[in-house]
Amino acid sequence: MKELSLFLGCLIPNRYPGIEKATKLVLDRLGIRWSELKEASCCPAPGVFRSFDRITWLTLASRNLVLAEKKDNDILTLCNGCFSSLSDANSILRSDISLRNEVNMHLKKINKEFLGTIEVRHIIEFFYRDLGTDKLKKEIEKPLELRTAVHYGCHMLKPTRERKLGGAECPVFFDELVEATGSLSVPYEGKTSCCGAGGGVRSAMLETSLKMTEYKLERMKKAGVECIVDACPFCHLQYDGGQVELAKAGKLYNLPVVHYSQLLGLALGYTPEEVGLFLNEIRNPEFEAKMEAIWRKNLKSSG
Amino acid sequence: MKKSEILTCFQCGTCHASCPSGKYTSLNVRKIVRDSMKKDVSDSQELWMCTTCYNCQERCPRGIKVTDAVLLLRSEAVKKGKILPAHRKVCRFLLETGHAIPIDDKHAAIRERIGLAGTETVCKYPAALAEVKSLLRSTGFDELIKE
């Protein structure tokens, strides 16, 4: 397997480094060759920057793409926003020659040129397509037996015409990956609905964004899940930080939030500390005790 | 997207009915996109209530790129200087650091505690950050977000 350029973006290294640590451990453990994409900038985020100025958004995204092109590596993203910006920019610049010329005119000033020679991957679709759930299941050392609410997030799936990952109304591939860890993906109402963070809404209109988050949290809670599993640090922030913000208004959900890399890390035998499980704002002692117990129990049975 | 595409809309309202934000706010994506054909909607606060989830675009029976239309309308508003303070702040972060969300002391300490080295991004390489700044000048982004 060719080496991948790991694109961490902003939120993972700068707000949720536990996801970064878990991802690096998991990739190493599964024998996937990777190196961090050095000198990368913000993807740039599709909400504000794509809205503000398309050429700026394309130009900055193309610089990140060129860094990976120089290494002849495909890019691996862990965030729906990074995936959306980089893969959309890649396909737009490949197909629209006049836009590519315009972007390359800017890139020329820093001695770079977009060629369109690499692909952009999201860790979820990468695991599903290139590794497969059957292979993943064979690697699992500690089945987790968690009741989870799987949250795909919008930009991993949509626009479906560009993403080519199947329909967005009732997707299953992420659920299958979660269930490969020995957990259960519990159905809940509004599963494919937005977390509320995207499009610059969280930054400029927090109250509005939290109404959408509350809609999701209420239905997850009603389904009796023990944690949320996401595939994007912005959804992760919206659920984790959002619960702190909602708690100030007396609305308590106390649902732990876990990125898939962390969930998989636990199932592969890493400790909750090693995958940064307890670095969130929301701390749930019951969940933490259960995770520690699962880890110790499995340790005993395997020893 | 071409604006003329919007003229094929037959006002069924599937877009608005699918909108997670419109459920709670005054955003009516059908109305705002329709209105944009006959007047300037740059002052509309509703433009910024969209999370760009793409539900409207996915479900439009006419195949109209509704979310892309919202993005286009937003960029027209920005050109007229209609920028929300919180968004301007995010843009300044990008201009200054190359990141929309730069590292802070709290999270730098967490990285160190869990054994992660500093990030390999523009924040470590001044020449790379200079490239980003040069591109943002070249595209006119620095001027675009000036107050």
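Residues numbered from 1 in each chain as written. Chains lettered and ligands numbered in written order. Predicted model: local features only at pLDDT ≥ 70, side-chain atom pairs only at ≥ 80, totals over all residues. Heavy atoms only, no water.

**Student:** I'm lost on the overall build of chain A in this one. Help?
**Tutor:** Along its length, chain A carries 16 helices and eight strands. Expected size for 303 residues packed as a compact globule is a radius of gyration near 19 Å; at 19 Å, chain A falls within 12% of this value. Along the first, second and third principal axes, the C-alpha set of chain A runs to 60 × 45 × 30 Å. Here chain A holds 303 residues, and the buried ones make up 66% of them. Put simply, of all contacts in chain A between residues at least 6 apart along the chain, 78% involve residues at least 24 apart. (Helix = DSSP H or I, 4+ residues; strand = E, 2+ residues; numbered from the N terminus. Rg over C-alpha atoms; globule rule 2.2 N^0.38 Å. Buried < 20%, exposed > 50% of the residue type's maximum accessible area, 1.4 Å probe, protein only. Contact = heavy atoms within 4.5 Å.)

**Student:** How do you make sense of the interface of chain A and chain B when you look at a structure like this?
**Tutor:** Accessible area lost when the parts come together is the quantity often used to give the size of an interface. Contacts between the two partners involve 58 residues from chain A and, on the opposite side, 59 residues from chain B. Three residues, Asn14, Arg15 and Phe52 of chain A, lead the burial of chain A against chain B; their summed loss comes to 13% of the area buried on that side. Taken together, the connections running from chain A to chain B amount to six salt bridges. Between Glu131 of chain B and Lys112 of chain A there is a salt bridge, and its shortest N-O distance comes to 3.0 Å. Where chain A meets chain B, there are 26 residue pairs in polar contact (both at pLDDT 80 or more). Tallied by class, residues from the side of chain A that touches chain B come to 23 nonpolar, 18 polar and 17 charged. (Buried area = accessible area lost by both parts, 1.4 Å probe. Salt bridge = Lys/Arg side-chain N within 4 Å of Asp/Glu carboxyl O. Polar contact = N/O pair within 3.5 Å; in protein donor to acceptor, adjacent residues only side chain to side chain. Nonpolar A, V, L, I, M, F, W, Y, C, P; charged D, E, K, R; others polar.)

**Student:** Explain the sheet that holds strand β2 (residues 34-36) of chain A to me, please; I cannot follow it from the model alone.
**Tutor:** Backbone hydrogen bonds hold the strands of a sheet together, and the pairing may be parallel or antiparallel. Residues and elements named next belong to chain A. In space, the four strands of this open sheet follow the order β2-β1-β3-β4, with parallel pairing throughout. Of all the strands in the sheet, the pair left with one neighbour each is β2 and β4 (120-122). Averaged over all adjacent pairs, the angle separating strand axes in this sheet is 35°, with direction ignored. When strand β1 (residues 4-7) meets strand β3 (residues 74-77), the two strands line up parallel, connected through four bridges. Across the sheet, the residue bridging to Leu4 is Asp74, located in β3. Against the sheet, helix α5 (residues 80-95) touches β1, β3 and β4, its axis set at about 155° to β4. (Pairing = 2+ DSSP bridges. Axes fitted to C-alpha atoms, helices over the stretch in contact; angles between N-to-C directions.)

**Student:** For this particular structure, what's the right way to read the packing of α5 of chain A against helix α6 (residues 97-108) of chain A?
**Tutor:** Two measures define how a pair of helices packs: the angle their axes make with one another and the distance between the axes. All names here are of chain A. Orientation of α5 relative to α6, taken along the N-to-C sense of each, is 110°, at an axis distance of 5 Å. Here α6 runs roughly perpendicular to α5, going by the angle between their axes. On the side of α5, the interface is formed by Ile92, Leu93, Arg94 and Ser95, while α6 contributes Ile97, Leu99, Arg100 and Val103. In the contact of α5 with α6, the residues fall into five nonpolar, one polar and two charged. (Parallel < 35°, antiparallel > 145°, perpendicular 65-115°, else oblique.)

**Student:** I'm lost on the sheet that holds strand β8 (residues 257-259) of chain A in this one. Help?
**Tutor:** Residues and elements named next belong to chain A. Reading across the sheet, the four strands line up as β6-β5-β7-β8 and stay open at both edges, with parallel pairing between neighbours. Lying at the two open borders of the sheet, with one neighbouring strand each, are β6 (184-185) and β8. Pairing geometry for strand β7 (residues 227-230) and β8, over three bridges, is parallel. Its bridge partner lying in β8, Asp230 is registered against His259. Docked against the sheet, helix α14 (residues 233-247) engages β7 and β8, running at close to 160° with respect to β8.

**Student:** Just to check I follow, could you spell out the domain arrangement of chain A for this structure?
**Tutor:** Residue and element names in this part refer to chain A. If you check the domain split of chain A, you get domain 1 (4-123) and domain 2 (132-296). Summarising the inter-unit geometry, the C-alpha centres of domain 1 and domain 2 are found 24 Å apart. Opposite the 24 residues of domain 1 that make contact, domain 2 presents 32 residues. Taken together, the two surfaces of domain 1 and domain 2 that pack against each other cover about 2,300 Å², and 66% of this comes from carbon and sulfur. Summed over the three residues of domain 1 that lose the most area to domain 2, namely Tyr16, Arg29 and Asn80, the buried surface amounts to 29% of that side. (Domains from an automatic or database assignment.)

**Student:** Could you clarify how one ought to interpret the pattern of salt bridges in this entry?
**Tutor:** Residues and elements named next belong to chain A. Under the criterion given, the structure shown has 32 salt bridges over all chains. Between Lys251 and Glu214 there is a salt bridge whose closest N-O contact spans 3.4 Å. Of this pair, Lys251 sits in the loop between α14 and β8 while Glu214 sits in helix α13 (residues 206-222), placing them 37 residues apart in sequence. Of the residues examined, Lys251 reaches a relative accessible area of 34% and is grouped as partly exposed. Among the residues examined, Glu214 registers a relative accessible area of 14% and is labelled buried.

**Student:** Looking at this structure, I do not really get the side chain of Asn64 of chain A. What am I missing?
**Tutor:** Residues and elements named next belong to chain A. By the secondary structure assignment, Asn64 is in helix α4 (residues 54-71). On the accessibility criterion, Asn64 (0% relative accessible area) is buried. Those residues in contact with Asn64 that sit more than four places away from it in its chain are Phe7, Leu37, Ala40, Ser41, Cys42, Cys43, Ile75 and Leu86.

**Student:** For this particular structure, what's the right way to read the packing of aromatic side chains?
**Tutor:** The relation between two aromatic rings is expressed through the spacing of the ring centres and the mutual angle of the planes. All chains considered together, the criterion is met by eight aromatic pairs over all chains. Pairing Phe49 of chain A with Phe141 of chain B gives two aromatic rings, centres 6.1 Å apart and planes at 70°, and the pair type is edge-to-face. One end of the pair, Phe49 of chain A, is in helix α3 (residues 48-52); the other, Phe141 of chain B, is in helix α8 (residues 141-144), on a second chain. Looking at Phe141 of chain B, the relative accessible area reads 1%, which means it is buried. Pairing Phe174 of chain A with Tyr260 of chain A gives two aromatic rings, centres 5.8 Å apart and planes at 80°, and the pair type is edge-to-face. One end of the pair, Phe174 of chain A, is in helix α11 (residues 173-179); the other, Tyr260 of chain A, is in helix α15 (residues 260-267), with 86 residues separating them in the sequence. Classification of Tyr260 of chain A as buried rests on a relative accessible area of 0%. Members of the aromatic cluster, each reached through a chain of ring pairs, are Phe126, Phe127, Tyr128, Tyr152, Phe173, Phe174 and Tyr260 of chain A. Over the ring of Tyr215 of chain A we find Arg219 of chain A, and its NZ or CZ is 3.7 Å from the ring centre. (Phe/Tyr/Trp six-rings, centres within 6.5 Å; stacked < 30°, edge-to-face > 60°. Lys NZ or Arg CZ within 6 Å of the ring centre and 35° of its normal.)

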